[in-house]
Amino acid sequence: WVSALRLFDEMLDRGVRPTHQALTSAIVACDTGGSHDGWKKGFEILQKARDVNVQANVITYNSLIALCERNGVPAAAELVFENMKKEGVNPDGNTFAAIISNRDPRNDNKGDGDTSELREMEVEMAVVASRGINKGGEQSAAPYTMLIDAYGRVGMWEHALRLIEKMTASGAQPNVITYNALISSLDRCGQSHQVLGVLDRMIQRGVEPDSITYTALIKSCAKTASWEVAMSMLDKARARKIKVDTILYNTVTDVLAKAGEWERALDVLDMMRADDILPDRVTYATLLRAADSFEDGGGRGSREEENEYRGLAEEDDAAAKDESQQRSDAKDSAVMFKASPNVFTYVNLIAACGRSGKWQKAIEVFDAMQRAPDVEPNQVA
């Protein structure tokens, strides 16, 4: 970290204007020295940048605020917050999350539970929202959305719920991004049982959920292995003609895998194909995990078979890496990364189908294996 700061000074001495990335990196370096006065060095670096007319951006300010908090100097963090606003740098969700954490009465050693600073923050957010007037004359939902996200980060889900009502009263209408932030905040705070109510509320207010909404709802189900609810959410999304994607299906498969519902996980794979959505490596990895947790008393095959499966996987991965390195086109590399599963994947799926008595499904997997590009059924398959 000493060398990093020395290099930053050398940039200035040579007349090289530091980029925002260099400025932020120098401030972050102040936090690695193990000193509690690193925030002072951070202020010095910020002043040096100002001297050469380099204005910090929101990421730089966020780094300095975080540095002040980690050094136990909340007043300095507040000072940075005020300065960034004076310089016309708009705070983002990370900024408000840090400041709300700084003002959170639960972090106050006095333990008096004073929420005046939180109320002050909400008033300030209302002022920010009043400046974000859109063409229709309504207040922007973006500042409120950021604060809802920030509340979730510091565990204050009650405030996040209340803020939805406050923003409506102030003339700012919650949009799908706002509700998605609320769902994520509730989930992050361990309030999974409340997320379904948010879905009902947004639909009642005429806000159409999207794929991100349902993915967040289903992800919440994963923590309690509520596969019935997850499948219900998937059915609702499809019924509402939501454009579902691989991520949503993978999330459902993950819930089913954690609940040990191997056969239903295979059914989801069929649904993906019916919706013309291609499974990716995450899909098949999740299916393998579900199959691996399935036990019917029949065992998992011989040690020789298991070793051969692993050997096939290692060989296939090595070949894929060699081929990937030979590609210079980034797009081709991206396509390769999302390529069909390898021999190891298909063999394990076929074996899992056999253990669960799904011989028809085993034949379907084998047929898919034969149709897959660059995959040849081997002796094990």
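Provided above is the structure to which this section pertains.
Given the structure is predicted, the values throughout are model-derived calculations rather than measurements. One numbering rule holds for all chains: residues counted from 1, following each sequence as written. Reporting in this predicted model follows two pLDDT cut-offs: at least 70 for local features of residues, and 80 or more for side-chain atom pairs to be given and counted; totals over whole chains, interfaces and linings ignore these cut-offs and use all residues. Only hydrogens and water are set aside when side-chain values are computed; all heavy atoms of the structure are taken into account.

**Description of the overall build of the protein chain**
The line we're drawing: Only DSSP runs of H or I with at least four residues qualify as helices, and only runs of E with at least two residues qualify as strands; both kinds are numbered from the N terminus onward. Think of it in three bands: residues with accessible area under 20% of the maximum for their type are buried, residues over 50% are exposed, and the middle band is partly exposed, with areas taken using a 1.4 Å probe on protein chains only. We call two residues in contact when some of their heavy atoms are within 4.5 Å. Per-residue and other accessible areas follow the Shrake-Rupley method at a 1.4 Å probe size, with only the shown protein chains counted as cover for residues.
Secondary structure assignment for the protein chain yields 20 helices and 0 strands. Here the protein chain holds 381 residues, and the buried ones make up 43% of them. In the protein chain, the share of contacts with a sequence separation of at least 24, taken over all contacts with a separation of at least 6, comes to 64%. Approximately 20100 Å² of the protein chain is accessible, and the part contributed by carbon and sulfur atoms is 51%.

**Focus: the packing of helix α1 (residues 2-13) against helix α2 (residues 20-29)**
Filter applied, for reference: Axes here mean lines fitted to C-alpha atoms, for a helix over just the part in contact, with angles spanning 0 to 180 degrees between N-to-C directions. By definition, turning the near helix anticlockwise from the far helix through less than a right angle yields a left-handed crossing, and turning it clockwise yields a right-handed one. When residues are sorted by character, Ala, Val, Leu, Ile, Met, Phe, Trp, Tyr, Cys and Pro go into the nonpolar class, Asp, Glu, Lys and Arg into the charged class, and all the rest, Gly among them, into the polar class.
For the pair α1 and α2, the least separation of the axes is 9 Å and the interaxial angle reads 145°. The two elements α1 and α2 cross, and the hand of that crossing is left-handed. Seen from α1, the contacting residues are Ala-4, Leu-5, Phe-8 and Met-11; seen from α2, they are Ala-22, Leu-23, Ala-26 and Ala-29. Of the residues belonging to the contact of α1 with α2, the class tally is 8 nonpolar, no polar and no charged.

**Thoughts on helix α12 (residues 211-222)**
Convention followed: Every helix has an expected span of 1.5 Å times one less than the residues it contains.
Over its 12 residues, α12 extends 17 Å from the first C-alpha to the last, a length consistent with the 16 Å expected when each residue adds 1.5 Å. Within α12, 10 of the 12 residues are buried, which leaves it mostly tucked inside the rest of the structure. Listed as buried for α12 are Ser-211, Thr-213, Tyr-214, Thr-215, Ala-216, Leu-217, Ile-218, Ser-220, Cys-221 and Ala-222. In this structure, the buried residues of α12 make contact with α10 (176-188), α11 (195-204), α13 (227-239) and α14 (246-258).

**Here's the deal with the side chain of Thr-24**
Rules: Pairs of N or O atoms are called polar contacts if they sit within 3.5 Å, as long as, within protein, a hydrogen donor faces a hydrogen acceptor (for residues adjacent in sequence, only side-chain-to-side-chain pairs).
Among the secondary structure elements, Thr-24 is positioned in helix α2. Reaching out from Thr-24, the side chain makes a polar contact with the side chain of Thr-60 at a distance of 2.6 Å. The residues contacting Thr-24, other than those within four sequence positions of it, are Asn-57, Ile-59, Thr-60 and Ser-63.

**Considering the packing of α10 against α12**
A pair of packed helices can be characterised by two numbers: the angle between their axes and the separation between those axes. The condition that has to hold: Comment on the angle field: the value is read as roughly parallel under 35 degrees, roughly antiparallel over 145, roughly perpendicular from 65 to 115, and oblique elsewhere.
Interhelical geometry of α10 versus α12 gives an angle of 10° and a closest axis separation of 10 Å. On the basis of their axis angle, the class for α10 and α12 is roughly parallel. Residue-level contacts link Val-176, Asn-180, Ile-183, Ser-184 and Asp-187 of α10 to Ile-212, Thr-213, Ala-216, Leu-217 and Ser-220 of α12.

**Remarks on the side chain of Thr-246**
In this structure, Thr-246 sits in helix α14. The class of Thr-246 is buried, set by a relative accessible area of 18%. Those residues in contact with Thr-246, other than ones at most four positions away along the chain, are Met-272, Ile-277, Leu-278, Asp-280 and Thr-283.

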